[in-house]
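The primary structure of each chain is shown beneath.
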Amino acid sequence: MSNKDIVLTAMRELFHDKDLTAIDRYWAEPYLQHNPTMPNGLDGLRAVVPHLEGFSWEPARVVEDGDLVMTHSRVLGWAETPVVIVDIFRLENGRIVEHWDVVQPEVTADASVNGNPMV
């Protein structure tokens, strides 16, 4: 399984299926988290997932470069309004060990200056 496939499967099982055992299959400690609202370690994921209501992760683009996988997605249920997120995952030995993200409120194409969609 490629790193890209691991990330897509891990995210689907954890966030869509809300299967907390996915953490044991696809993530590993020490897990470094660069989102400033979440702690390092896998307990942060275990604490957040059960409380996500109406969560939907819709990846539009996925790029794999060695041990890094980047996803560009539209996400519902992470914030009060839809957001666009670029996630960067680093994998070691087939497991996710590090994560960065950039989160931005979604602006529809008709409301943007350039008329282009964000995703």
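Data block above holds the structure.
As the structure is a computational prediction, the values presented were derived from the model and not from experiment.

Could you clarify how one ought to interpret the sheet that holds strand β3 (residues 68–76) in this entry?
Each strand in a sheet pairs with its neighbour through backbone hydrogen bonds, running either in the same direction (parallel) or in the opposite one (antiparallel). Spatially, β1-β5-β4-β3-β2 is the arrangement adopted by the five strands of the open sheet, whose pairing is mixed. What marks the edges here is a single partner per strand, and that holds for β1 (27–33) and β2 (56–65). Along the sheet, successive strands turn relative to each other by an average axial angle of 25°, direction set aside. Inspection of the sheet shows β2 paired to β3 by nine bridges, in the antiparallel sense. In the sheet register, E58 faces β3, and the bridge partner there is R74.

Any chance you could explain a negative patch on the surface here in plain terms?
A contiguous patch of negative charge on the surface is contributed by D5, E64, D65 and D67. Residue classification places D5 among the partly exposed positions, given a relative accessible area of 35%.

In this structure, what is going on with unusual backbone geometry? I would like to understand it.
Glycine aside, a negative phi is what most residues show, and trans is what most peptide bonds show. Each neighbour pair has its own omega, and for E29 with P30 the value is -5°, a cis peptide bond. Its location among the elements puts P30 in strand β1. With a phi close to 50°, K18 is a non-glycine residue in the positive phi region. Within the secondary structure, K18 is located in the loop between α1 (3–16) and α2 (21–26). Even without a glycine there, the phi angle at N93 is positive, about 50°.

About the cut-offs
Residues numbered from 1 in each chain as written. Predicted model: local features only at pLDDT ≥ 70, side-chain atom pairs only at ≥ 80, totals over all residues. Heavy atoms only, no water. Pairing = 2+ DSSP bridges. Helix = DSSP H or I, 4+ residues; strand = E, 2+ residues; numbered from the N terminus. Axes fitted to C-alpha atoms, helices over the stretch in contact; angles between N-to-C directions. Patch = residues over 30% accessible without salt bridge, like charges linked within 9 Å, V, L, I, M, F, W, Y side chains within 5 Å. Areas by Shrake-Rupley, 256 points an atom, 1.4 Å probe, with all protein chains shown as cover. Salt bridge = Lys/Arg side-chain N within 4 Å of Asp/Glu carboxyl O. Lys, Arg positive; Asp, Glu negative; His and termini not counted. Charge placed at Lys NZ, Arg CZ, Asp CG, Glu CD. Buried < 20%, exposed > 50% of the residue type's maximum accessible area, 1.4 Å probe, protein only.

In short, shape yes, function no, at least from these values alone.
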